[in-house]
Amino acid sequence: MAARRADCGWKRHISDQLKLRDRVQRHTFEQIVQQYNRLLEKSDLQTVLTERYQTEKYDVPRGHEASSMDSSRSDSLHQEMSQMRIRHQEELTELHKKRGELAQTVIELNNQIQQKDREIQSNEARMLEYQQQIAGLEGDCRDLRNNLQELEMANQTLKDEYDALQITFSALEEKLRKTSEDNQELVSRWMAEKALEANRLNAENEKDTRRRQAKLQKDLADAAKEPLPIEQDDDIEVLAEDGGKGAGETSPNRPISRTLRKTSQQPQGGLLDSISNIFGRRSANSLGTSPETTETPSGGCAEVRVPTTALHVFEAHDGEVNTVRFSPGSRLLATGGMDRRVKLWEVISGRCEAKGALTGSNAGITSIDFDSAGSYLLAASNDFASRIWTMDDYRLRHTLTGHSGKVLSARFLLDNARIVSGSYDRTLKLWDLRSKVCMKTVFAGSSCNDIVCTEQCVMSGHFDKKVRFWDIRAESIVREMELQGRVTSLDLNHDRSELLTCSRDDVLKIIDLRSNAIRQTFSAQGFKCGADWTRVTFSPDGSYVAGGSADGALYVWNVLTGKLDRTLDRNHSSAINSVSWSPSGTYVASVEKGSRAILWSDM
């Protein structure tokens, strides 16, 4: 239909143009035709007059003889004819001139007509081309309309699917809420049942203790009623031995009866109470950790030995070793690696003997910490969890899950009943080991690489180059300090008054926690922090700091002078990940990105 209207339009346009040309050119030629007709009429008249004059010319001689009056009239007629001939000649000349001008005009008009014809042909060619383009554009429009319809249908389908998914999501969310409520209720019931079970066990233990105490009291009462057949010489000899072992001196000549009187004068209730206290301590100890596996933390060290020699180089793990830590008594060394295990090594005469392995993690170990008694070991892992093992039987006791990213550090608080963990998900979590639940979650705003703790403050080092100080009770940042590089490690000195930091700008700094100012800065030519989890350490007395470099060298700085004390660079084959100084001050342990660990000392 549109093509038919386009054809009628251009035909009508050509017809109008032809009519316009006919009107313009016709007006011009009408004048020429009229002048030409007048010229023809005059020419005919001239022809008639000429013929008549010719006839009269031939008739004049004949008329001379007739009369003299005709002669005079003939002269006047000749004069008129001459004037008429001259006038006609002028008119003829003028007509010829106009004829030439009109011929020139006709030629120019013909040229214009030819030019207009050529323009018409070019316009027709362009019109044809435009029509083809219009046809192509109409086809594109039809395709676009079809595509638009298909897209509208697809959009409607997607909207329907979205609505269905939204409904499904709402249903699942409601189901999740109900499941969470049920889970919370089950956990509460389970905790209540567990508390009841613990109360029952405690009651049974108390009954058993009372039963044993009653039996012991009865036995002691029966034994006290029976006479003791004691010879005097034997008694004097025993008392002499006891006196030699005790603090005071007892004379062998002192009568035995006096000794027996003192014994008999001792109140019976006091003896029974002391025995009860013994049993009470034993029963209390039975609920905790056996004293055989509990290490006595070293309160201080007589002398810190600056390492000079690699005493023992050994393969610690199957793959990269991430972390190392001495137990509080310096008797055990724990290492954690990408093989998902924590390995325990007993330090004997400058060598590390394998003692056991702690399993249960589903990914590489990132951090290790002991409680203050050395009874529990806490390890953070790349599987978003932290785990606690008991050191007497190497059993996994607790698994703390809740982070949504790698747990890069976890530490016991000073009460050993709570721990704090920092993760790649930019949160810190406080856990209660009695209830085994997360007490608090704090959003730090940046990935947490390491954590250290005081009594009421947690210090965390982050990927955004900041060290943040948290108040455990208020769940808020007390203050923060920005360094020049990403913070990789934190460590406290023995009295927890100074904080050691390591950052990716290859600088170690000591921050005075009392003045909140940087007290000392350590760097060295060649020292380079090899990873975001490179750990450095204070010596037990706080007079030295040690850190491992990306080139495998161990650097030791003197805190008092601020200068590099020594560099040990011949034993590691890859970047050092972590360094730990034994609480006794005797040994330093370092682990690398390879599978190697090294025990250092000055022996």
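Computed from a predicted structure; not experimentally measured. (Residues numbered from 1 in each chain as written. Predicted model: local features only at pLDDT ≥ 70, side-chain atom pairs only at ≥ 80, totals over all residues. Heavy atoms only, no water.)

Trainee: Lay out the overall build of the protein in plain terms, naming residues and giving numbers.
Mentor: Within the protein, the regular secondary structure consists of 5 helices and 28 strands. Expressed as a percentage of the 603 residues in the protein, the buried residues total 35%. Partitioning the contacts of the protein with sequence separation of at least 6, the portion at a separation of at least 24 is 48%. For the protein, the exposed area adds up to about 36600 Å²; of that, 51% sits on carbon and sulfur atoms. (Helix = DSSP H or I, 4+ residues; strand = E, 2+ residues; numbered from the N terminus. Buried < 20%, exposed > 50% of the residue type's maximum accessible area, 1.4 Å probe, protein only. Contact = heavy atoms within 4.5 Å. Areas by Shrake-Rupley, 256 points an atom, 1.4 Å probe, with all protein chains shown as cover.)

Trainee: Describe the state of the cysteines, and please don't skip the residues or the numbers.
Mentor: Summed over all chains, the structure comprises 0 disulfides. Cysteine cysteine 529 remains unbridged, with the sulfur of cysteine 502 as its closest cysteine sulfur at 4.0 Å. The exposure class of cysteine 529 is buried, given its relative accessible area of 1%. (Disulfide = S-S within 2.5 Å.)

Trainee: Describe the pattern of salt bridges, and please don't skip the residues or the numbers.
Mentor: One pass over the structure, following the stated rule, counts 28 salt bridges. When the shortest N-O distance is used, the salt bridge between aspartate 565 and arginine 566 registers 2.7 Å. It is possible to trace a salt-bridge network through shared partners that takes in Asp464, Lys466, Arg468 and Glu480. (Salt bridge = Lys/Arg side-chain N within 4 Å of Asp/Glu carboxyl O.)

Trainee: Summarise the packing of aromatic side chains; cite the residues concerned and give the values.
Mentor: According to the stated counting rule, one finds 6 aromatic pairs in the structure shown. Between tyrosine 555 and tryptophan 557, the aromatic rings sit 5.9 Å apart at their centres with planes inclined by 20°, giving stacked as the arrangement. Take tyrosine 555: its relative accessible area is 4%, and that puts it in the buried class. Every member of this aromatic cluster is reached through a ring pair, and the members are Phe522, Phe527, Tyr555 and Trp557. (Phe/Tyr/Trp six-rings, centres within 6.5 Å; stacked < 30°, edge-to-face > 60°.)

Trainee: Could you give an account of the sheet that holds strand E14 (residues 448-453), naming the residues involved and the relevant values?
Mentor: Sheet strands pair by backbone hydrogen bonding; their relative direction is either parallel or antiparallel. The sheet built from 4 strands is open, its strands ordered E14-E15-E16-E17 with antiparallel pairing. Every interior strand has two partners, whereas the edge strands, E14 and strand E17 (476-482), have only one. In this sheet, adjacent strand axes meet at a mean angle of 20° when their direction is disregarded. Where strand E15 (residues 457-462) lies against strand E16 (residues 466-471), 5 bridges are found, and the strand directions are antiparallel. Residue pairing in the sheet places cysteine 457 in a bridge with aspartate 471 of E16. (Pairing = 2+ DSSP bridges. Axes fitted to C-alpha atoms, helices over the stretch in contact; angles between N-to-C directions.)

Trainee: Could you give an account of the side chain of aspartate 532, naming the residues involved and the relevant values?
Mentor: As for its placement among the helices and strands, aspartate 532 is situated in the loop between strand E21 (517-522) and strand E22 (537-538). Its relative accessible area of 18% is what places aspartate 532 among the buried residues. Side chain to side chain, aspartate 532 and arginine 486 meet in a polar contact 3.3 Å long. A polar contact is formed between the side chain of aspartate 532 and the side chain of arginine 504, at a distance of 2.7 Å. (Polar contact = N/O pair within 3.5 Å; in protein donor to acceptor, adjacent residues only side chain to side chain.)

Trainee: Run through the sheet that holds strand E27 (residues 588-592), naming residues and quoting values.
Mentor: What the 4 strands build is an open sheet, ordered E1-E28-E27-E26; its pairing is antiparallel. In the strand order of this sheet, the two ends are held by strand E1 (309-315) and strand E26 (576-581), each with one partner. Averaged over all pairs of adjacent strands, the angle between strand axes in this sheet comes to 20°, irrespective of strand direction.

Trainee: Can you break down the confidence of the model for the protein residue by residue, with the values?
Mentor: Of the residues in the protein, 83% reach a pLDDT of 70 or more, and the chain-wide mean stands at 81. Low pLDDT (under 50) marks residues 230-294, which in the prediction has 31 contacts with non-local residues, meaning those over four places away or in another chain. (pLDDT = per-residue confidence, 0-100.)

Trainee: Which residues make up the nonpolar core, and what values go with them?
Mentor: The biggest cluster of nonpolar side chains holds 15 residues, and the ones touching the most others in it are Leu500, Leu508, Ile510, Phe522, Val545 and Trp557. Taken together, the elements giving at least two residues each to this core come down to strand E19 (498-503), strand E20 (507-512) and strand E24 (554-558). Counting 14 residues, the second-largest nonpolar core is a separate cluster that includes Ala316, Val321, Val324 and Phe326. (Core = buried A, V, L, I, M, F, W, Y, C linked by side-chain atoms within 4.5 Å.)

Trainee: Outline the environment of threonine 399, listing residues and values.
Mentor: Position of threonine 399 among the secondary structure elements: in strand E9 (residues 396-401). Sequence-distant contacts of threonine 399, that is, excluding residues within four places in its chain, are made with Ala385, Ser386 and Arg387.

Trainee: Break down unusual backbone geometry for me, with residues and values.
Mentor: In most cases, non-glycine residues show a negative phi, while peptide bonds are predominantly trans. Positive phi is not limited to glycine here, since serine 330 has a value of about 65°. Turning to its location among the elements, serine 330 is positioned in the loop between strand E2 (321-326) and strand E3 (332-337). Positioned with a positive phi, serine 349 is a non-glycine residue whose angle comes to about 55°. Following the sequence through the fold, serine 349 ends up in the loop between strand E4 (342-348) and strand E5 (351-358).

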